Amino acid sequence: LAKTTQPISMDSYEGQEVNITCSHNNIATNDYITWYQQFPSQGPRFIIQGYKTKVTNEVASLFIPADRKSSTLSLPRVSLSDTAVYYCLVGEVSGTYKYIFGTGTRLKVLA
Amino acid sequence: EAGVTQFPSHSVIEKGQTVTLRCDPISGHDNLYWYRRVMGKEIKFLLHFVKESKQDESGMPNNRFLAERTGGTYSTLKVQPAELEDSGVYFCASSQGQGMNTEAFFGQGTRLTVV
């Protein structure tokens, strides 16, 4: 099972770019890397997903090096509303959506 | 389009009682998942339905938990009898396809408190 390691918490200021790095040394060939965001009293919400190199959508960018043993979620110009817990998830080879949630990174955006 | 909905949002029951949680997935999503987070712990997978069939129930903690998805639409998760350690937030998610290259949509969760 691929296990992820990410910082427990981060602080940032409004307008800054935030980069959250996740380590997944045991990632398997068929595993995808997915990031979820969770606000208090809500369920996790999909942000972005990738397999290799770089993926960008309207919310974030995901950078994955060639060895895929880590990934970095980049949030451009964060606002107070981006304060949340961010989870880095790596899928199981079996293909079922059996996510393994780690502790996540608690991002706090300050004014 | 409605998202994944869960009912109730909160439930407080006494130890030994029975509680049934309900999840309505997004229409057309064959895959339905249950997760839970007990106090201070990480979100843990409980089980996975494909339509009405249990694909993987390896995360179910014990036989006090029973999940059903009759007709392949909504799902229920029954806890009988409830114990104090069952307190936590129970999340349901659904996805159109299987595999990690599809997006799972989570509900807001049901907060269960056993007293």
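Residues numbered from 1 in each chain as written. Chains lettered and ligands numbered in written order. Predicted model: local features only at pLDDT ≥ 70, side-chain atom pairs only at ≥ 80, totals over all residues. Heavy atoms only, no water.

**Topic: the state of the cysteines**
We apply this condition: For this text, the term disulfide refers to a pair of cysteine sulfurs within 2.5 Å. Helix and strand labels come from DSSP, where a helix needs a run of H or I of at least four residues and a strand needs a run of E of at least two; each type is numbered from the N terminus. Buried residues are those whose accessible area, probed at 1.4 Å on protein chains only, stays under 20% of the maximum for their type, while exposed residues exceed 50% and partly exposed ones sit between those limits.
Under the counting rule described, the total for this entry stands at 2 disulfides over all chains. Between the sulfur atoms of Cys22 of chain A and its disulfide mate Cys88 of chain A the distance is 2.2 Å. Between Cys22 of chain A and Cys88 of chain A, the S-S dihedral sits near -80°, and the bridge is therefore left-handed. Of the two residues, Cys22 of chain A sits in strand 2 (residues 18-23) while Cys88 of chain A sits in strand 8 (residues 84-90), which places them 66 residues apart along the sequence. For the pair formed by Cys22 of chain A and Cys88 of chain A, the shared burial category is buried. Shown here is the disulfide that connects Cys23 of chain B with Cys92 of chain B, its sulfur atoms set 1.8 Å apart. Its torsion about the S-S bond being -65°, the disulfide of Cys23 of chain B and Cys92 of chain B is classed as left-handed. In this pair, Cys23 of chain B is assigned in strand 3 (residues 19-24) and Cys92 of chain B in strand 9 (residues 88-95), connecting sequence segments 69 residues apart.

**Focus on the sheet that holds strand 9 (residues 105-110) of chain A**
Residues and elements named next belong to chain A. Heads up, the condition is: Paired strands are those between which DSSP finds at least two bridges. Helix axes are fitted to C-alpha atoms over the stretch in contact, other axes to C-alpha atoms as well, and angles between N-to-C directions run from 0 to 180 degrees.
Taking strand neighbours across the sheet as the criterion, the 5 strands line up as 1-9-8-3-4 in an open arrangement whose pairing is mixed. The strands lining the two open edges of the sheet, one partner per strand, are strand 1 (9-13) and strand 4 (45-50). Between one strand axis and the next, the sheet turns by 25° as a mean value, whatever way the strands run. In terms of strand pairing, strand 1 meets strand 9 through 5 bridges, oriented parallel. Within strand 9, the residue paired with Ser9 across the bridge is Arg106.

**Quick notes on the packing of aromatic side chains**
Our working rule: Planes of paired rings set the category: under 30 degrees apart is stacked, over 60 is edge-to-face and the rest tilted, where pairs are Phe, Tyr or Trp rings (Trp by its six-membered ring) whose centres lie within 6.5 Å. Charge-over-ring contacts are defined here by two conditions on Lys NZ or Arg CZ: a distance within 6 Å of the ring centre and an angle within 35 degrees of the ring normal.
Counted according to the given criterion, the structure contains 9 aromatic pairs over all chains. Plain terms: the ring middles of Tyr35 of chain B and Phe45 of chain B are 5.7 Å apart, the flat faces sit at 80° to each other, and that makes the pair edge-to-face. Of this pair, Tyr35 of chain B sits in strand 4 (residues 31-38) while Phe45 of chain B sits in strand 5 (residues 44-50), and the two are 10 residues apart along the sequence. Phe45 of chain B matches Tyr35 of chain B in its accessibility class, with the two residues each being buried. Three or more aromatic residues joined by ring pairs form one cluster here, namely Tyr36, Phe46, Tyr87 and Phe101 of chain A together with Tyr35, Phe45 and Phe106 of chain B. Sitting over the ring of Tyr51 of chain A, Arg68 of chain A keeps its end group 3.9 Å from the ring centre.

**Observations concerning the sheet that holds strand 2 of chain A**
Residue and element names in this part refer to chain A. The 4 strands are arranged 2-7-6-5 in an open sheet whose pairing can be described as antiparallel. What marks the edges here is a single partner per strand, and that holds for strand 2 and strand 5 (53-56). Pairwise comparison of adjacent strand axes, ignoring direction, gives a mean angle of 15° for this sheet. Pairing between strand 6 (residues 61-64) and strand 7 (residues 70-75): 3 bridges, direction antiparallel.

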